[in-house]
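Below, each chain spelled out in residue letters.
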Amino acid sequence: MSYLLGAVLNSLYSALEQAKPFTGVEAIKAYKAAHSTLLGGQGIRNITIHEKHVGIDHSGYIPPQGDAVNFDLRKTPRLVQEERSASKGVALHIGATHYIEYEGKLTDVTELCFQQFYELRAFLISCGVVTQQGAQADSPASGVPAA
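Residues numbered from 1 in each chain as written. Predicted model: local features only at pLDDT ≥ 70, side-chain atom pairs only at ≥ 80, totals over all residues. Heavy atoms only, no water.

Draft legend 1. Just the overall build of the protein chain, in detail. Of the regular secondary structure elements, the protein chain holds six helices and three strands. Along the protein chain, from the amino end to the carboxyl end, the secondary structure elements read α-α-α-α-β-α-β-β-α. Scored against the burial criterion, the 147 residues of the protein chain give a buried share of 28%. Pairs at least 24 apart in sequence give 57% of the contacts found in the protein chain among residues at least 6 apart. (Helix = DSSP H or I, 4+ residues; strand = E, 2+ residues; numbered from the N terminus. Buried < 20%, exposed > 50% of the residue type's maximum accessible area, 1.4 Å probe, protein only. Contact = heavy atoms within 4.5 Å.)

This is the structure:
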């Protein structure tokens, strides 16, 4: 799982590097500073890419607090859709969730990666780097990535 987290964080970092000619170096520095826990010189990306794998040791189900529900069902998986059309019912199996110590608390790695993607996308849109149609619809508020 550390390899996948490293790949996602490295891709976010690379996107920022590629955006420098469009946004200016100072805007990128400011963005990285605001996200220094992940993207800074002593951040999780740097550690897992250049030094050692970060600990994603808390694998499995951790009960939500209170009456919170933590299903990650942004979009119905294709296999579930196929099963629905082929049978009269669907058995939904939820797998393990992976967590990382982030800013003093256990954080769902998948949710953290989605959050960072959408924050970077919003930054790039605000700088005029991302201008394609549908970019605004592809947001965490919509719950489903644009097709």
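Structure's up, so let's keep going.
Draft legend 2. Here's a closer look at the side chain of His35. Tracing the backbone shows His35 in the loop between helix 2 (25–34) and helix 3 (36–39). Here Glu119 takes part through its side chain, which lies 2.6 Å from a polar atom of the side chain of His35. When neighbours within four sequence positions are excluded, His35 is seen to be in contact with Gly40, Gln116 and Glu119. (Polar contact = N/O pair within 3.5 Å; in protein donor to acceptor, adjacent residues only side chain to side chain.)

Draft legend 3. Examining the pairing of strand 2 (residues 98–102) more closely. Pairing of strand 2 with strand 3 (residues 105–108), which is carried by four bridges, proceeds in the antiparallel orientation. Across the sheet, Glu101 pairs through a bridge with Leu106, a residue of strand 3. Between strand 2 and strand 3, which pair antiparallel and follow one another directly, the connecting turn spans two residues, one of which, Glu103, has a positive phi of 50 degrees. (Pairing = 2+ DSSP bridges.)

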